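Chains, contacts and geometry: an overview
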Amino acid sequence: MTRKLEAGKLVIASHNEGKVREIRDLLGPQGIEPVSAAELDLPEPDEIGATFIDNADLKARQAADLSGLPALVDDSGLCVEALGDRPGIFSARWALADPRVAPEAGPGHVEGTRDFMRAMRRVQDELEALDPDASRNAHFICALAVCWPDGHSEWFEGRVDGTLVWPPRGENGFGYDPMFVPAGHQTTFGEMDPADKHAISHRADAFARLVAALL
Ligand code: IMP
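Sequence order sets the numbering: in each chain, residues are counted from 1 along the sequence as written. Whole-chain, interface and lining totals are the exception, using all residues; otherwise, since this is a predicted model, local features are given only for residues with pLDDT of at least 70 and side-chain atom pairs are given and counted only at 80 or more. Derived side-chain values reflect all non-hydrogen atoms in the structure, with water molecules and hydrogen atoms excluded from consideration.

Concerning the packing of aromatic side chains
To keep it simple, the criterion reads: Classification of ring pairs uses Phe, Tyr and Trp, with its six-membered ring standing for Trp, and accepts pairs whose centres are within 6.5 Å; under 30 degrees between planes counts as stacked, over 60 as edge-to-face, and the remaining range as tilted. Only DSSP runs of H or I covering at least 4 residues are called helices, and only runs of E covering at least 2 are called strands; the numbering of each starts at the N terminus. Three labels apply to residues, based on accessible area from a 1.4 Å probe with only protein chains included: buried if under 20% of the type maximum, exposed if over 50%, partly exposed otherwise in between.
What the rule picks out here adds up to four aromatic pairs. Ring centres of Phe116 and Tyr176 lie 5.5 Å apart, and the angle between their planes is 75°; on these two criteria the pair is classed as edge-to-face. Linking Phe116 in helix α3 (residues 116-130) with Tyr176 in the loop between β6 (153-164) and β7 (180-182), this pair joins segments that are 60 residues apart in sequence. In this structure Phe116 comes out as partly exposed when scored by relative accessible area, which is 24%. Taking relative accessible area as the criterion, Tyr176 reaches 4% and is therefore assigned buried.

What about the state of the cysteines?
Here a disulfide denotes one covalent bond, and it connects the sulfur atoms of two cysteines. Defined as follows: The disulfide criterion is simple: two cysteine sulfur atoms within 2.5 Å.
As enumerated under the stated definition, the model contains zero disulfides in all. Summary of cysteine pairing: Cys142 is not part of a disulfide, and the nearest cysteine sulfur, belonging to Cys79, is at 12 Å. No disulfide involves Cys147; its nearest neighbouring cysteine sulfur is the one of Cys142, lying 15 Å away.

A few points about α3
Basically, it comes down to this: To estimate the expected span of a helix, subtract one from its residue number and multiply by 1.5 Å. The arc refers to the directions leading from the helix axis to the C-beta atoms. What makes two residues a contact is simply this: any of their non-hydrogen atoms within 4.5 Å.
Helix length check: α3, at 15 residues, gives a terminal C-alpha distance of 21 Å against a target of 21 Å (1.5 Å per residue), a fit within 8%. Those residues of α3 that fall on the buried side of the exposure criterion are Ala119, Met120, Val123, Gln124 and Leu127. Here the buried residues of α3 occupy an arc of 135° about the axis, which is enough to place them on one side. Looking at the buried residues of α3, the elements they touch are β3 (71-80), β4 (86-87) and β6.

Remarks on the layout of surface pockets
Short version of the rule: Points on a 1 Å grid, built from protein atoms alone, make a cavity when a 1.4 Å probe fits but cannot get out and make a pocket when they are open with protein on both sides within 12 Å along at least 5 of 7 lines; residues with an atom within 4 Å of a point are the lining residues. Grid points are joined across faces, edges and corners, and a volume is the space filled by probe spheres set on the points.
Empty space within the largest pocket amounts to approximately 1,200 Å³. Lining the largest pocket are 49 residues, with Asn16, Lys19, Glu47, Ala92 and Arg114 positioned closest to its centre. The element that contributes the greatest number of residues to the lining of the largest pocket is β3, accounting for five residues.

Some thoughts on the pattern of salt bridges
Oppositely charged side chains can form a pair if their charged atoms are brought close together. Test applied: In the sections that follow, a salt bridge refers to a side-chain nitrogen of Lys or Arg positioned within 4 Å of a carboxyl oxygen of Asp or Glu.
Under the counting rule described, the total for this entry stands at 12 salt bridges. Between Arg61 and Asp65 there is a salt bridge, with its nearest N and O atoms 3.0 Å apart. Separated by four residues within a single helix, Arg61 and Asp65 lie in helix α2 (residues 52-67), roughly one turn from each other. Arg61 sits in the buried class, given a relative accessible area of 19%. Members of the salt-bridge network, linked through shared partners, are Arg86, Arg122 and Glu126.

Pasting the structure below:
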């Protein structure tokens, strides 16, 4: 049976303050008090799972075990259909600026300066190399895992479909936003007003599922 989240502290097992702020805005009105992993000085585990849910779950499990509080983690990325859904769970690694680091070289290489122009160019170059007429369909996935200290877990996945454009357009958002046009729209996530993106994004979809089930 789905377990409800009770009012009280919830660890957001992310060292990304932007993500923690977004989650705080979303869950604060429900009586949930998000505490960041950084505030609790929790370590950042390696992402060694094979799926978004695996990665979210292993980070949330470690945070719940170490803190003794329920913990929530968001793991997300871009899946390009013609590339066999890559970069997928490696989305952040494709932006590593050090060319000596193999992008899919296992855990331990997820630190360092991120350059998303480089990551977007790699997507474009791989599509061109495959076939200039290759499908440009893509989707973003957002996986959420909530783990309790007694071993119970709940998972949710959100998705937004769209197509990729080149060159990238727009200064808003982050990551691959400037090359992603959501289905039914003309503008990229990078050109959209953030509130418009947040209304239709994979993250909004996943959080709507979480709120409906757990709150
Ligand atoms: P995570 O922090 O390990 O979940 O890495 C997620 C990565 O996926 C980010 O660094 C971005 O590259 C990409 N990503 C996830 N969500 C979005 C989004 O909403 N827009 C653009 N890129 C995203």
